[in-house]
Amino acid sequence: MPTVVHLPAGKSLTVRTAADAFLDSLGNPNTVRSYGIGVGKTAERLGEARPLGAVADEEIGEALELLWGSSAVNTWNARRAAVLSWLAWCRERGHDAPAVPVWTKRLPAPDSETPARSKMAIDRLIARREVHLREKTLYRMLYETAARSEEILGLNVEDLDLAGRRALVKAKGAQAKSRRRGQTRGDFVLETVYWDAGTARLLPRLLKGRTHGPVFVAHRRPGPGKVVGVRDVCPDTGLARLSYGQARALLDEHTALRGPGTGWDLHEYRHSSLTHLGEQGASLLMLMAKSRHRKPENVRRYFKPSPEAIAEITSLLAPGDARR
C-alpha cells in the first residue's frame, strides 16, 4: 500500500517534496522505476529546494530539451509523459504547479527497425543440434503464432488446446472484466493464438505428459530468496517459469556472430511471421487478425517485404511479351 504523504499547501511545496509524493503515490514498482527517471532528473535540473509554484512552464520545457532533446523518440516520449503526469497530479490536488509547454510535443513513433529473418534462417536455427528442445519449441511457436514473446512465455499447460492447435493468452493491454485489485489472469479478456504442424510436433515432446504449470520452465529451481507465484512454478518439478531475460540471452547466444548482444531478438519472430504471410498474399485484414492489432498502421510497421519479394511482384508490371 503506498505511503500517505502530507503535503504543505500552496507555493511552499518544493520541487523535491512534490516529486517524492507523486512517486510514492504510484502502486506499480515498474511504473515507479520508469517515472522515477524522468521526474527525478527533471527535479534535479529545476532545483530541488525551489518552490514548485515558482517554476515557469518554459523552464519545464527547457529541462526536458536539455535532458532528453537528443534522445531516441521513445525515450523522449516516456520522459515527457512522466513529467506531464507528475505536474498534473500536483494541480489536481490544489497545488501551484507549472505545465509542460505546448512546444514540447509528443513525437510520433518511428517505423520499427526490427529486421525480418528469412524462413530458411529460422528453420536452420531450430534444426541445429545444440539448440535445446525448449528453445526449439519456443522459437517455432513464436514464429507460427506471430504472438508477442511475453504472451507465449506466460502460457501454462492448462491454457493449451493441443488438438485445436491454439491457446488463450493475456495480450498486451488486455482489458479487465471487472475493476478490482489483485486480479488474476482469468479476470482479463483473453485472446486466441494459433500454431501449425511445427509447433504441434514439438510441444508434446517438451511437455512429457505435464498437465499444469508453465509451458517453458528454467532448468533450475528458484533461489530461496525469490518470491514466485503459484502459477509460475511447475507443480511436478518445482521449476519456475522461463523469464524473458533468460530466453533473450539464450537466443543471443545461439545467433550472435560479432560478440554478446549482437544476436537476434525474440521480437523478430513476430516481424518475420507477419512479413512472410504478407509476401504470400495475406490481406491486411488477415494480418490484423493474426497479429491482433486494431489499427492498420501498426501492422504496417511489422510488414517488411524482402527485396526479392518486391522484385517478384514488380515483374507483374512488365509488358505481356516480356513474361512469355
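Source: prediction; values computed, not measured.

Undergrad: How would you explain the pattern of salt bridges if you had to name every residue and give the values?
TA: Applying the stated rule across the entire model yields 17 salt bridges. Notably, a salt bridge pairs glutamate 130 with arginine 128, separated by 2.8 Å at the nearest N-O pair. Of the residues examined, arginine 128 reaches a relative accessible area of 29% and is grouped as partly exposed. A single network of salt bridges, built from pairs that share partners, joins Arg148, Glu151, Glu191, Arg292 and Arg294.

Undergrad: Could you give me a rundown of the sheet that holds strand β2 (residues 166-169), with the residues and numbers involved?
TA: Across the sheet, 3 strands lie side by side as β1-β2-β3; this open sheet has antiparallel pairing. The outermost strands of the open sheet, each flanked by one partner alone, are β1 (160-161) and β3 (191-194). Here β2 pairs with β3 via 4 bridges, running antiparallel. Within β3, the residue paired with alanine 167 across the bridge is valine 193.

Undergrad: So what about the nonpolar core? Which residues, and what values?
TA: Membership of the largest hydrophobic core comes to 33 residues, with the highest contact counts inside it found for Leu138, Tyr139, Ile152, Leu160, Val215, Phe216 and Tyr269. Elements with a minimum of two residues in this core: α5 (119-127), α6 (133-145), α7 (149-153), β2, α8 (197-207) and α9 (244-255). Ignoring anything within four residues of it in the chain, the contact list for valine 215 reads Leu155, Asn156, Val157, Leu160, Leu203, Leu206, Leu207 and Arg210. One finds Leu13, Ala18, Ala19 and Trp76 within the second-largest nonpolar core, a separate group that totals 26 residues.

Cut-off values and rules
- Residues numbered from 1 in each chain as written.
- Predicted model: local features only at pLDDT ≥ 70, side-chain atom pairs only at ≥ 80, totals over all residues.
- Heavy atoms only, no water.
- Salt bridge = Lys/Arg side-chain N within 4 Å of Asp/Glu carboxyl O.
- Buried < 20%, exposed > 50% of the residue type's maximum accessible area, 1.4 Å probe, protein only.
- Pairing = 2+ DSSP bridges.
- Helix = DSSP H or I, 4+ residues; strand = E, 2+ residues; numbered from the N terminus.
- Core = buried A, V, L, I, M, F, W, Y, C linked by side-chain atoms within 4.5 Å.
- Contact = heavy atoms within 4.5 Å.

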